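# Coordinate inspection notes
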Amino acid sequence: MLSERRLQVLRAIVQDYVGTEEPVGSKALTERHNLGVSPATVRNDMAALEDEGFIAQPHTSAGRIPTDKGYRLFVDKLAGVKPMSPPERRAIQNFLEGAVDLDDVVARTVRLLAQLTRQVAVVQYPSLTRSTVRHVELLSLAPARLMLVLITDTGRVEQRMVDCPAPFGESSLADLRARLNSRVAGRRFADVPSLVEDLPEAFEAEDRGTVSTVLSTLLETLVEENEERLMIGGTANLTRFGHDFPLVIRPVLEALEEQVVLLKLLGEAKDPGVTVRIGHENAHEGLNSTSVVSVGYGSGGEAVAKLGVVGPTRMDYPGTMGAVRAVARYVGQILAES
């Protein structure tokens, strides 16, 4: 275990390097921070931190910079989450409240996160596997043609055409709509098949074919919407950090284009807390020089998806964690009210 003083020295090195982009020397540390010890003692502490792999000397510079291991200790032990100021919180709320539908909520969230953190923002659409049915609407378009509209608790709307095997009257349609919603409204997608399997038997023989067709369309909709979708924004922010990516920026950009990579990066939605993955903790080679800060969001205290940012390891972790957490909270509130 590192002594309290060495932890303070590491914290000061991370803060100075993130703030100045310059390797940090012992003289500068003692001048800028009230460490209460001489430059010689700080030099000894820095040598010990370097021996243990928390800081490193880049090329011929006299100063030191944090390693992935150093940033990890900083995030786990030393960095609090920096709260947003009341004006910042109001600005987030006002910007997100203007959204007209789920696509707009996701698009605004991406823009907001990229602007607040000046990193690349990634927002996962609410996953239907963790969603519940808010309402199923059935509309008659022609005697033997219906439109099925599925509305989820996260505001997602899916529409499907249903060609019926025989004409289906308005009274039968109203009956099916009422019976269907009484069984599935407020229920999880995974529970729906067993809840509706005996529904055709509640109808007259001539209507059962149509009821079965409507149900199979509904179940297909639940299954096919299972694939995960993402929106990404602020990629241009990476160009501000050219010197932070030791080789070239291209591998980072290529990794960001792969949806599967990003979904793995964001992690499981059911983990609601803020997650920070630093440098080589990211399995994808192209992202070894980046850090990812992500958090789950959702309505009613349960995460239905993740959002986060990708940036260089030389990142303002307390500020980024605070921004990601605050935005997730407001997005959750908007989904709950929508």
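Residues numbered from 1 in each chain as written. Predicted model: local features only at pLDDT ≥ 70, side-chain atom pairs only at ≥ 80, totals over all residues. Heavy atoms only, no water.

## Section: the packing of helix α1 (residues 4-20) against helix α4 (residues 68-78)
Between α1 and α4, the shortest axis-to-axis distance is 10 Å and the interhelical angle comes to 110 degrees. In terms of orientation, α1 lies roughly perpendicular with respect to α4. Crossing geometry of α1 relative to α4 is assigned as left-handed. Residues Leu-7, Leu-10, Arg-11, Val-14 and Tyr-17 of α1 form the contact with α4, whose participating residues are Gly-70, Tyr-71, Leu-73, Phe-74 and Leu-78. (Axes fitted to C-alpha atoms, helices over the stretch in contact; angles between N-to-C directions. Helix = DSSP H or I, 4+ residues; strand = E, 2+ residues; numbered from the N terminus. Parallel < 35°, antiparallel > 145°, perpendicular 65-115°, else oblique. Left-handed = near helix turned anticlockwise from the far one by under 90°. Contact = heavy atoms within 4.5 Å.)

## Describing the sheet that holds strand β5 (residues 145-152)
Ordered by their spatial adjacency, three strands build an open sheet running β4-β5-β6, and the pairing between neighbours is antiparallel. Every interior strand has two partners, whereas the edge strands, β4 (133-142) and β6 (157-163), have only one. Taking each pair of neighbouring strands and ignoring which way they run, the sheet shows an average axis angle of 20 degrees. Both β5 and β6 contribute to a ladder of seven bridges, which runs antiparallel. Residue Ile-151 lies in a different strand from β6, and its bridge partner there is Val-157. With respect to the sheet, helix α7 (residues 170-184) is in contact with β4 and β5, its orientation differing from that of β4 by roughly 165 degrees. (Pairing = 2+ DSSP bridges.)

## Considering helix α3 (residues 39-51)
Turn by turn, an α-helix covers 3.6 residues, leaving residues three or four places apart pointing in a common direction. Here α3 contains 13 residues, and its C-alpha end-to-end distance of 18 Å stays within 8% of the 18 Å for a straight helix at 1.5 Å per residue. Among all positions in α3, only Val-42, Asp-45, Met-46, Ala-48 and Leu-49 are buried. All buried residues of α3 project into a common sector of 160 degrees when viewed along the axis, lining one side. The exposed set on the far side of α3, more than 90 degrees from its buried face, consists of Asn-44 and Asp-51. Of the surrounding elements, those touching the buried residues of α3 are α1, α2 (26-32) and β1 (55-56). A positive phi of about 85 degrees marks Gly-53, the residue just after α3. (Expected span 1.5 Å × (residues − 1). Buried < 20%, exposed > 50% of the residue type's maximum accessible area, 1.4 Å probe, protein only. Arc of directions from axis to C-beta.)

## Focus on the sheet that holds strand β3 (residues 120-124)
One open sheet holds the five strands; their spatial order is β7-β3-β10-β9-β8, and the pairing between them is antiparallel. Edge positions in the sheet fall to β7 (230-233) and β8 (275-278), since each has one partner strand and no second. Neighbour to neighbour, the strand axes of the sheet diverge by 15 degrees on average, direction disregarded. Two elements, strand β9 (residues 290-297) and strand β10 (residues 305-312), share eight bridges in a ladder whose sense is antiparallel. Across the sheet, residue Val-295 finds its bridge partner in β10, namely Leu-307.

## Focus: the nonpolar core
With 58 residues, the main nonpolar core has Leu-29, Leu-307 and Tyr-317 as its most contacted residues. Broken down by element, this core gets its largest block of residues, 11 residues, from helix α12 (residues 317-337). For this core, the two domains that each supply at least three residues are domain 1 (4-77) and domain 2 (86-126 + 228-337). Core analysis: the second largest hydrophobic core is formed by 23 residues, Val-136, Cys-164, Leu-180 and Phe-189 among them. (Core = buried A, V, L, I, M, F, W, Y, C linked by side-chain atoms within 4.5 Å. Domains from an automatic or database assignment.)

## Overview of unusual backbone geometry
At Glu-21, a position not held by glycine, the phi torsion is positive, near 65 degrees. The topology assignment puts Glu-21 in the loop between α1 and α2. A residue is classified by how much of its surface remains accessible, and Glu-21, at 37% relative accessible area, is partly exposed.

## Notes on the domain arrangement of the protein
The domain architecture assigned to the protein consists of domain 1 (4-77), domain 2 (86-126 + 228-337) and domain 3 (129-225). Facing the 12 residues of domain 2 at the interface are seven residues of domain 3. Roughly 850 Å² is buried in total at the junction of domain 2 and domain 3, and carbon and sulfur atoms are behind 39% of that figure. Joining domain 2 to domain 3, the criterion identifies zero salt bridges. One can count zero residue pairs in polar contact (both at pLDDT 80 or more) joining domain 2 with domain 3. Among the residues making up the side of domain 2 that touches domain 3, the classes are represented as seven nonpolar, two polar and three charged. (Buried area = accessible area lost by both parts, 1.4 Å probe. Salt bridge = Lys/Arg side-chain N within 4 Å of Asp/Glu carboxyl O. Polar contact = N/O pair within 3.5 Å; in protein donor to acceptor, adjacent residues only side chain to side chain. Nonpolar A, V, L, I, M, F, W, Y, C, P; charged D, E, K, R; others polar.)

## Some details on the pairing of β6
Look at any regular strand and the pattern is simple: side chains alternate between the two faces of the sheet. Of the two faces of β6, the one holding Glu-158, Arg-160 and Val-162 is buried and the one holding Val-157, Gln-159, Met-161 and Asp-163 is not buried anywhere. The hairpin turn running from β5 into β6, its antiparallel successor, is four residues long, and Gly-155 in that turn takes a positive phi close to 90 degrees.

## Digging into the confidence of the model for the protein
Per-residue pLDDT for the protein has a mean of 85; in total, 93% of the residues score no lower than 70. Within the protein, no element has a lower average pLDDT than helix α11 (residues 259-266), which sits at 75, and none a higher one than α7, at 93. (pLDDT = per-residue confidence, 0-100.)

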